[in-house]
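The residues making up each chain are set out below.
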Amino acid sequence: MTNSKLKIGIILGSTRQGRVSPQVGQWVKGIADKREDAEYEIVDIADFKLPFLGEGTGQEPGLQAWNEKLASLDGFVFIVQEYNHSITGALKNALDSAREAWNNKAAGIVSYGSTGGARAAEHLRGILGELKVADVRTHPTLSLFTDFENYSVFKPAELHLTNMNAMLDEVIAWSGALKTIR
Ligand SMILES: Cc1cc2nc3c(=O)[nH]c(=O)nc-3n(C[C@H](O)[C@H](O)[C@H](O)COP(=O)(O)O)c2cc1C
């Protein structure tokens, strides 16, 4: 194994116009960058213009770029928003649109919704198991009622910082461990 820093992608799970996920992703990146223990980057599903799985030619540049981006990463932090008690269709399609590039990597989940996005996060955990992504236990949950103003301006409570760093500690430890078996 080389001494190069681990690469962790902070994946924005929503793509809708007016989404709040970029605010949450930037907050996570700000906390993560201060740790200087990995290279963290925002990965925005919207940038890849992924076709719905099976509806395109399979040769779309975005599909290839998505797989290459995932392949370049050692671990992930998913920014997960609850849509009808689950993850977004965009995130499910993005998960389905790669296979080996996910395998034997670690992930943390930061979720939000009326109940902290907990139901969406639990759905995601089941999917990650199938993709051989090891999801860590610690899971910061953000409330649409108390961590956002008017459900749109992100103002996270101070208390989330401890959980965020605990989650990142676990993602870094497991990402490093799993790198040794790839
Ligand atoms: C189609 C849809 C379904 C939703 N269903 C839920 C839900 O089941 N539970 C919940 O807590 N919030 C639900 N919400 C509220 C979203 O969690 C909230 O709008 C959040 O800001 C969405 O994330 P985004 O702004 O990054 O897209 C739903 C929103 C949409 C658009």
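All values reported here derive from a predicted model rather than from experimental measurement. (Residues numbered from 1 in each chain as written. Predicted model: local features only at pLDDT ≥ 70, side-chain atom pairs only at ≥ 80, totals over all residues. Heavy atoms only, no water.)

Novice: So what's going on with the overall build of the chain? Residues and values would help.
Specialist: Of regular secondary structure, the chain possesses five helices and eight strands. Secondary structure elements of the chain, listed N to C terminal, follow the sequence β-α-β-α-β-α-β-α-β-β-β-β-α. Taken over C-alpha atoms, the radius of gyration comes to 16 Å for the chain, in line with the 16 Å a tight globule of 182 residues would show. For the chain, the spread of C-alpha atoms along the principal axes amounts to about 40 × 40 × 25 Å. Residues counted as buried form 49% of the 182 residues belonging to the chain. In the chain, once contacts between residues fewer than 6 apart in sequence are set aside, the share between residues at least 24 apart is 80%. Accessible surface, the chain as shown: approximately 8900 Å² in total, 52% of it carbon and sulfur. (Helix = DSSP H or I, 4+ residues; strand = E, 2+ residues; numbered from the N terminus. Rg over C-alpha atoms; globule rule 2.2 N^0.38 Å. Buried < 20%, exposed > 50% of the residue type's maximum accessible area, 1.4 Å probe, protein only. Contact = heavy atoms within 4.5 Å. Areas by Shrake-Rupley, 256 points an atom, 1.4 Å probe, with all protein chains shown as cover.)

Novice: An account of the site of the ligand is needed here, citing residue identities and associated values.
Specialist: Contacts to the ligand come from 15 residues, most closely from Ser-14, Tyr-83, Asn-84, Tyr-112 and Ser-114. One nitrogen or oxygen atom from the main chain of Ser-21 is found 3.2 Å from an oxygen atom belonging to the ligand. Tyr-83 is positioned with one of its side-chain polar atoms (N or O) 2.7 Å from an oxygen atom of the ligand. Against a free-state accessible area of 620 Å², the protein chains account for coverage of 74% of the ligand. For the shell around the ligand, the per-class residue count stands at four nonpolar, seven polar and four charged. (Near = heavy atom within 4 Å. Polar contact = N/O pair within 3.5 Å; in protein donor to acceptor, adjacent residues only side chain to side chain. Nonpolar A, V, L, I, M, F, W, Y, C, P; charged D, E, K, R; others polar.)

Novice: Explain the packing of helix α3 (residues 89–96) against helix α4 (residues 118–130) to me, and be specific about the residues and the numbers.
Specialist: Packing of α3 against α4 leaves a shortest axis separation of 11 Å and a crossing angle of 10°. As the angle between them shows, α3 and α4 are arranged roughly parallel. Residues Leu-91, Lys-92 and Leu-95 of α3 pack against Leu-124, Ile-127 and Leu-128 of α4. A breakdown of the residues in the contact of α3 with α4 according to their chemical character gives five nonpolar, no polar and one charged. (Axes fitted to C-alpha atoms, helices over the stretch in contact; angles between N-to-C directions. Parallel < 35°, antiparallel > 145°, perpendicular 65-115°, else oblique.)

Novice: Can you lay out the side chain of Asp-74 for me, pointing to particular residues and giving the numbers?
Specialist: Among the structural elements, Asp-74 can be located in the loop between α2 (61–71) and β3 (75–81). Classification of Asp-74 by relative accessible area gives buried; the value is 6%. In this structure the side chain of Asp-74 is engaged in a polar contact, spanning 2.8 Å, whose partner is the side chain of Arg-182.

Novice: Give a detailed account of the pattern of salt bridges, specifying residues and quantitative values.
Specialist: With the rule as written, the count across this model stands at 13 salt bridges. The salt bridge partner of Lys-92 is Asp-96, with a shortest N-O separation of 3.0 Å. Placement of the pair is Lys-92 and Asp-96 together in helix α3, with a separation of four residues, close to one helical turn. Take Lys-92: its relative accessible area is 32%, and that puts it in the partly exposed class. On the basis of relative accessibility, which here comes to 34%, the residue Asp-96 falls in the partly exposed class. Between Arg-99 and Glu-130 there is a salt bridge, with the nearest N and O atoms lying 3.2 Å from each other. Taken together, the positions of Arg-99 in the loop between α3 and β4 (105–113) and Glu-130 in helix α4 put the pair 31 residues apart, joining distant regions of the chain. The class of Glu-130 is exposed, set by a relative accessible area of 54%. In this structure, a network of salt bridges that share partners links the residues Arg-35, Asp-37 and Asp-169. (Salt bridge = Lys/Arg side-chain N within 4 Å of Asp/Glu carboxyl O.)

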